[in-house]
Amino acid sequence: MTRRIAAAVVARVTTTVVRGLLDDEPPGGARLWERTNHRGEPVSLLGGPAVAAGVLVGGLVGAPSARDGAALAVATTSATAFGLVDDLTEDREGTVRKGLRGHLGALARGEVTTGGLKVLGIGAGALLAAALSRPHDRLPARRGAAVVTRLADVAVDGALIAASANLVNLLDLRPGRALKASAIAAAPAGVLGGRAGGPAAAVLGAVVAELPDDLAERDMLGDSGANAVGAVLGTVAVQGCPRPVRLALLAGVVALTVASEKVSFTQVIARTPVLRELDAWGRRPAHVPGPAGPAPADGSPGDDAAAGGVPAR
């Protein structure tokens, strides 16, 4: 309990302090971090690095061991760094295909987009984090079988960390949505405890610090913040759940990611009363453009995957 409380408090304080420091002296100038939302108002990407710092420092405080802490650090820093590259060098002309399928297709053709670089970088970091995480499942007695089982675990766990980072990014299309979903995912371990209770509590602390600015549309997580939070959630699952649960979580996350290529999460949420109310809680009233104004880019299936964290909100 003490470790979880400390992790949550440190994450909240770190997020707030780093956000203030970045606001005082934004690296590269404030305009580099500004985007325009659907209201035509400026929104800042600085909330992303602040949240990433919060979940990293808080997660290290709450890590169950030095080795698990190192795994958390690798997963978080790689997700943040490659997400930040994508945030600050995104294609402003709209010529680069968005979405996981678009980036993988470009890589298959030998084209390296910033999104494709992010896929490779976060994937490599996730695999290293999975390898660093201590094996918590019983391994076969025979050495050869144990090696094969461990390699399979690393592959599955790495995929879970990387896929979780991507999924949270897909949710960062409306104010507060990604942070609310992350808090719900982190709450069981963060409140009830367990091996990964500390890092989960860190996610809750960072959410408490950043949610007001995100809901008020002053900040957005962007790729750097959303990928970092998702990577931490994936690492929490890897370090705290048995193999069957991890396999089930990976199947669920992959299924949602694949569905996002064809179905708009925003439309599904709008049609589901409970999800609609939760999604809208604390948010400013929706902007309705005039007849001559451009419509928000959330009306067709697959917009969640296509946007990939772009502030169409």
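Summarised in this report is the structure supplied together with it. This is a predicted model, so every value here is computed, not measured.

Further remarks concern the side chain of Glu 210. Looking at the element boundaries, Glu 210 is found in helix 8 (residues 197-215). Buried within the structure, Glu 210 lacks any salt-bridge partner; its nearest side chain of opposite charge belongs to Arg 19, at an N-O separation of 4.9 Å.

Glancing now at the side chain of Asp 68. For Asp 68, the location among the structural elements is in helix 3 (residues 66-88). Of the residues examined, Asp 68 reaches a relative accessible area of 0% and is grouped as buried. Within the structure, the side chain of Asp 68 is placed 2.6 Å from the side chain of Arg 195, a separation counted as a polar contact. Dropping the residues within four chain positions of it, Asp 68 is found in contact with Ser 133, Arg 134, His 136, Arg 195 and Gln 239.

For the rest of this paragraph, the subject is the environment of Val 232. Looking at the element boundaries, Val 232 is found in helix 9 (residues 222-240). Residues Val 232 and Ala 71, 161 residues apart in the sequence, show an inter-C-alpha distance of 9.7 Å. Not counting residues within four places of it along the chain, the set of residues in contact with Val 232 comprises Val 55, Leu 72, Thr 76, Pro 199 and Val 203.

What follows concerns the pattern of salt bridges. Side chains that differ in charge, positive against negative, can pair when their charged atoms come close. Considering all chains together, one arrives at 13 salt bridges under this definition. Here Asp 23 ties to Arg 19 by a salt bridge, and the two come within 3.7 Å at their closest N and O atoms. Highlighted residues: Asp 23 and Arg 19, both in helix 1 (residues 2-24), separated by four residues, approximately one helical turn. Of the residues examined, Asp 23 reaches a relative accessible area of 49% and is grouped as partly exposed. The buried category is assigned to Arg 19, whose relative accessible area is 12%. Asp 213 is the salt-bridge partner of Arg 218, the closest N and O atoms lying 2.6 Å from each other. Here the salt bridges do not stand alone but share partners, grouping Asp 153, Asp 157, Arg 243 and Arg 246 into one network.

Moving on, we get to the nonpolar core. Counting residues in hydrophobic clusters, the biggest one holds 40 residues, and the most contacted among them are Val 55, Ile 161 and Val 203. Every element with two or more residues in this core is listed here: helix 2 (47-62), helix 3, helix 5 (114-132), helix 6 (143-171), helix 7 (177-192), helix 8, helix 9 and helix 10 (243-260). Those residues within four positions of Val 203 in sequence are excluded, and the remaining contacts are Val 55, Ser 182, Ala 186, Val 229, Val 232 and Leu 233. Among the nonpolar cores identified, the runner-up in size contains six residues, and Leu 22, Trp 33, Val 43 and Leu 45 belong to it.

Definitions and limits used
- Residues numbered from 1 in each chain as written.
- Predicted model: local features only at pLDDT ≥ 70, side-chain atom pairs only at ≥ 80, totals over all residues.
- Heavy atoms only, no water.
- Helix = DSSP H or I, 4+ residues; strand = E, 2+ residues; numbered from the N terminus.
- Buried < 20%, exposed > 50% of the residue type's maximum accessible area, 1.4 Å probe, protein only.
- Lys, Arg positive; Asp, Glu negative; His and termini not counted.
- Salt bridge = Lys/Arg side-chain N within 4 Å of Asp/Glu carboxyl O.
- Polar contact = N/O pair within 3.5 Å; in protein donor to acceptor, adjacent residues only side chain to side chain.
- Contact = heavy atoms within 4.5 Å.
- Core = buried A, V, L, I, M, F, W, Y, C linked by side-chain atoms within 4.5 Å.

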